[in-house]
Amino acid sequence: AERSGWQALVTPIERIVDLERFGAALLITSECDGAAWQPGGPFEDGPKLLLPGGKYSVRSRRRYREQSMLAIDMMSKALMQAGISPDCIVHLDCQDGLAAYKDPVTEIHKFIRETLNPVTRCRDCLIYYFGFAIESGQWALTWTNDQGYSKVCILDPNIILPPPGPDDGVPGARFVISDAPGTARMWMRPARRLRGVAAWQGEALPGSNGGPPMTRWLTGLMPEPPKGVLAFLEPAPEVGLEDLPCHKALFWGPSPPDPALSRHLLWELTEFLGAETMREHRSKGTEEILIKGGPQMLLYILESQIKVGQDDLALQLLWLLQALAAEAPTDRWADTMNEALSPAMSIPDWLGHGYGKVAENAPQILAAVLSFLASCASQCARCREECSEYIRWPKIQQLIFAAFQSCRDHLAAPDAARFAPAARAACRMTAQIAAHHPLDVEEHEELVCELLGMLSQSSELEELREAAAEALLYVTFRCNKSKGQVLELIGQYHPNCISDALTNSRSARTIERILTFLRSVAACQPPTAVLEAFPSGCHEGGILDVVIEMLERYDTDPGVQRWGLAALGTICSADEALAHRAVDAGATKSVIWALGAEVLSQAKFLEQDALFCAYALLSTEQGQEQLAPTSGIGGGGVDGHMLPGLAASAVARALREDSCEAAMWGMRIFERICQRHALIVEPYVDVILDAMLAENCLHGTMVAASNAVSHLASVCPVAREKLLARYVSLIKALQCKGHIAACEGTEDGKERERELMDWVQVLVDVLGPPRPVKSDDQILREQLRQLEADEVKSAEKSGSKSNTGTKSNPGTKSRTGTMLDSASRSGTKTTGTKEGAGRESSKLASAKVTVL
């Protein structure tokens, strides 16, 4: 039948069927009888039975059976529509009355042997299952045989495949579809001879009259996969793995019998990935190895053949595992990467080195183990969680400390470079753990001190210094408490570690990483901690001078410029004395260069940090005089340039590129300059207006710009005319921003709304029309009317609360209070108090007559 709309697209089944390779399909179902899990049954105490829709019910047994038959019918039709002959579609149905001599495992092996052999020349087949599963992911086939015995058959990937050999068929793909709940981890994992196509990760959705939802999607009756289905429809890349002599032995036949043969075969595989001709296809190569069961094969060799003296084989295995973890798609691991952690951490013991001696005896093994753990943690959330748990983390720390100790002991030795990779891997492992959750610096004080020591080491180990800076960055960047604790350790034990690290480094990348860490730790609150950690910062040769020296040395490197200025601005914001020292050391020149140099014009985010640094420097009188001198708009400033013009250009670019932070710091610069001399900013009032009226304007931008506008409108006639032309738009923008803040429903939102409404009032007072002055008579009249209204409300409130007393005559109106008539031309006429007027109203009326 012709298909239309989304049904006209290629179905998932058609995507996996290659008619040139495909041999046959085996569809497996059972009677769906859960009696063995009922009270009194053999599986009453477990394992738990999983089925679509939740708990097993005897009344629903017929429904489960109907769904399985619908699934088989739908899958058969889809396969025939894909071009598969009906004779090549086999249904293995373990129904009630099945002959006692028939065993599902034997029948599956027979199917593979008969359909995938050199005679048929078919390489691929499909095994489809619909039914129950147990909690570990195995399939659970249930039925009653012809002799009346209740039968249960538990199937897993190792059982359904024949042993490697003649009965296993020719190498190819054995596709598996598991329409059973909780089976994705078992059946979708990378395996040597099986290729998972689709399976349920958790609970399976119950089927309807149209059939099971996952099967409906696979057969093209649904446009999208149901929620909870893990599916890999793309075929494995073909970049030459199957052409290697080692392919059949490693990925298809029996595992290598001895370590010597394993080393030879794995050498072919490492050369395949590491060859220069494979550089462009390396990622595809790792993906092909992963999908075709590389991890399963490598871990089997690792666990069975690694023993004392097999260091070279262990290095080969760890190198390949790390390549698969770091470069192959993480989702194709099907959430099983964590299973490689325990074997990898056991290698030092298996080789006979132990955790205590591996750093000295086999530093390459230690580096490979830590590198693999760090790669797994960087790619897989489950691995990060397991590595940071109290069970694994203490053991990982033993490896980390061993790496640091051996590196520190050999820093002055000729073979220092031999021990550096392990220490570098230890730093990266620490960075991954700290990125997962903040480390308690007090609890890990020894670890942090080791990192600070690696940072300030005086050797030429640039990569180690960079890795240590990255680890310290992750330790501090999310937690203010950690920043303060690290600053305290710096002040006590490593006062010059950052200055020494910057001075000893020769790589721009390393310096950039160190400056990033400095920017993070200098943002600590309270700011006094920064001054205590860098007491020499206010003097010549201190941390500020070193940072400015790096900015001058690497004046064309965007990374160094960005993070150097960010660190400089953060340190200057901590204390005014630090800002004074930065200005004296030439920080203003660095800011002007970063904002005006053409070679840095394409550096993203650089202008934002340069503006932030300029704002910090403007807190000093000397900084303002250098960056925005009052001597005149042209000709002054640093090297003939003035900050306001460069800031205006940066803000204009930021508005075009939707860089909200850069626009905010530009407005804050204008705000700070306007407080001292607004005329300098007058030529750039249009930029300020554009920033305020931008759709994505931040709250800080709006407040700073409003302050600048209020100063400009007060003292600059030209700016005032431009502001008046867009007066209504400004007021509306402020009010809208305030209403949006109020809609958040939080105290912070209400506070921001009040602040914006206050600026609305300021601008109305500065730019709006003059308000009419009220006479004393008008003011007093309004006060009396307000007092009269308050008394009426008070009387009504007290009357409604009273439960006793006489009922008043509804026809009589009680009139209280005083009434003030409008004034006439001849004077103001004041009426006396009426009957029933309150005492306070009489007094006010008398006071009014006296005043008049």
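This is a predicted model, so every value here is computed, not measured.

What to know about the overall build of the chain
Next, step 1: Along its length, the chain carries 38 helices and 10 strands.
Next, step 2: Taken along its principal axes, the extent of the C-alpha atoms in the chain is 125 × 90 × 55 Å.
Next, step 3: By residue count, 51% of the 852 residues in the chain fall in the buried class.
Next, step 4: Of all intrachain contacts in the chain linking residues separated by at least 6 positions in sequence, the fraction that spans at least 24 positions is 72%.
Next, step 5: Surface accessibility of the chain: about 39800 Å² in total, with carbon and sulfur atoms responsible for 50%.
Next, step 6: Side chains of the chain carry 84 positive and 107 negative charges; the gap between the two charge centres is 7 Å.

Some points on the sheet that holds strand β5 (residues 132–134)
Next, step 1: Taken together, the four strands give an open sheet; going across it, the order is β2-β5-β6-β7, and neighbouring strands pair in antiparallel fashion. The open sheet has two free edges, formed respectively by β2 (49–50) and β7 (150–155), since each of these has just one partner strand.
Next, step 2: Looking at chain direction, β2 and β5 are connected through two bridges and run antiparallel. Each bridged residue has a counterpart across the sheet, and for L50 the counterpart in β5 is A133.
Next, step 3: Lying on the sheet, helix α3 (residues 104–115) is in contact with β6 (139–144) and β7; it crosses β7 at an angle near 50 degrees.

Concerning the sheet that holds strand β3 (residues 89–94)
Where strands meet in a sheet, backbone hydrogen bonds hold them as pairs that are either parallel or antiparallel.
Next, step 1: Read across the open sheet, the six strands follow the order β3-β1-β4-β8-β9-β10; overall the sheet is mixed. Among the strands making up the open sheet, the edge pair consists of β3 and β10 (229–231). Going across the sheet, the axis of each strand differs from the next one's by a mean of 10 degrees, ignoring polarity.
Next, step 2: For strand β1 (residues 22–30) and β3, the ladder comprises six bridges, and the chain directions are parallel. If you follow T29 over to β3, its bridge partner there is D93.
Next, step 3: Sitting on the sheet, α3 touches β1, β3, β4 (124–130) and β8 (174–179), and the angle it makes with β1 is about 170 degrees.

Comments concerning a negative patch on the surface
Next, step 1: Together, D440, E442, E443, E445, E446, E488 and E532 line one region of the surface with negative charge.
Next, step 2: Owing to a relative accessible area of 61%, E443 belongs among the exposed residues under this scheme.

Some details on the nonpolar core
Next, step 1: If you look at the biggest cluster of nonpolar residues, it comprises 202 residues, and the most contacted ones within it are L269, I498, L518, I688 and L712.
Next, step 2: The element that contributes the greatest number of residues to this core is helix α14 (residues 363–379), accounting for 11 residues.
Next, step 3: Ignoring sequence-local partners within four residues, the contact set of L269 consists of L241, L244, C246, L250, F251, I289, M297 and L320.
Next, step 4: L98, I108, L155 and V176 belong to the second-largest nonpolar core, a separate cluster that totals 29 residues.

Quick word on the confidence of the model for the chain
Next, step 1: On average, residues of the chain score 88 in pLDDT, and 91% of them reach the 70 mark or higher.
Next, step 2: Low pLDDT (under 50) marks residues 803–852, which in the prediction has 43 contacts with non-local residues, meaning those over four places away or in another chain.

Focus: the pairing of β4
Next, step 1: Counting buried positions along β4 yields seven of seven residues, so the element is predominantly enclosed.
Next, step 2: Taking every second residue as pointing to the same face, both faces of β4 are buried, with D124, L126, Y128 and F130 on one and C125, I127 and Y129 on the other.
Next, step 3: Strand direction decides the pairing type here: β1 and β4, joined by six bridges, are parallel. Within β4, the position partnered with F22 by the bridge is D124.
Next, step 4: Across six bridges, β4 lies against β8 in parallel orientation. By the bridge assignment, L126 is partnered in β8 with F175.

Focus on the pattern of salt bridges
Next, step 1: This model, assessed by the stated rule, comprises 37 salt bridges.
Next, step 2: A salt bridge links R282 to E327; the shortest N-O distance between them is 2.7 Å. Highlighted residues: R282 in helix α9 (residues 282–291) and E327 in helix α11 (residues 311–327), separated in sequence by 45 residues.
Next, step 3: The exposure class of E327 is partly exposed, given its relative accessible area of 31%.
Next, step 4: Because the salt bridges share partners, they merge into one network encompassing E31, D33, R61, R65, D93 and D96.

A few points about the packing of aromatic side chains
Next, step 1: All told, the structure shown has 10 aromatic pairs when counted by the stated rule.
Next, step 2: Where Y474 meets F477, the ring centres are 5.6 Å apart and the plane angle is 90 degrees; that geometry is what we call edge-to-face.
Next, step 3: Ring geometry for F612 and W665: centres 4.9 Å apart, planes at 65 degrees, overall edge-to-face. Here the residue F612 occupies a position in helix α28 (residues 606–617), and W665 occupies one in helix α31 (residues 660–677), the gap between them amounting to 53 residues. The same class applies to F612 as to W665, namely buried.

Digging into the packing of helix α16 (residues 393–409) against helix α18 (residues 445–456)
Next, step 1: Following both chains from N to C, one finds α16 and α18 inclined at 30 degrees, their axes separated by 11 Å at the closest point. Crossing angle aside, the handedness with which α16 passes α18 is left-handed. Residues W393, I400, F401, F404, C407 and R408 of α16 form the contact with α18, whose participating residues are E446, L447, E450, L451 and M454.
Next, step 2: The residue inventory of the contact of α16 with α18, partitioned by class, reads eight nonpolar, no polar and three charged.

Conventions adopted
- Residues numbered from 1 in each chain as written.
- Predicted model: local features only at pLDDT ≥ 70, side-chain atom pairs only at ≥ 80, totals over all residues.
- Heavy atoms only, no water.
- Helix = DSSP H or I, 4+ residues; strand = E, 2+ residues; numbered from the N terminus.
- Buried < 20%, exposed > 50% of the residue type's maximum accessible area, 1.4 Å probe, protein only.
- Contact = heavy atoms within 4.5 Å.
- Areas by Shrake-Rupley, 256 points an atom, 1.4 Å probe, with all protein chains shown as cover.
- Lys, Arg positive; Asp, Glu negative; His and termini not counted.
- Charge placed at Lys NZ, Arg CZ, Asp CG, Glu CD.
- Pairing = 2+ DSSP bridges.
- Axes fitted to C-alpha atoms, helices over the stretch in contact; angles between N-to-C directions.
- Patch = residues over 30% accessible without salt bridge, like charges linked within 9 Å, V, L, I, M, F, W, Y side chains within 5 Å.
- Salt bridge = Lys/Arg side-chain N within 4 Å of Asp/Glu carboxyl O.
- Core = buried A, V, L, I, M, F, W, Y, C linked by side-chain atoms within 4.5 Å.
- pLDDT = per-residue confidence, 0-100.
- Phe/Tyr/Trp six-rings, centres within 6.5 Å; stacked < 30°, edge-to-face > 60°.
- Left-handed = near helix turned anticlockwise from the far one by under 90°.
- Nonpolar A, V, L, I, M, F, W, Y, C, P; charged D, E, K, R; others polar.

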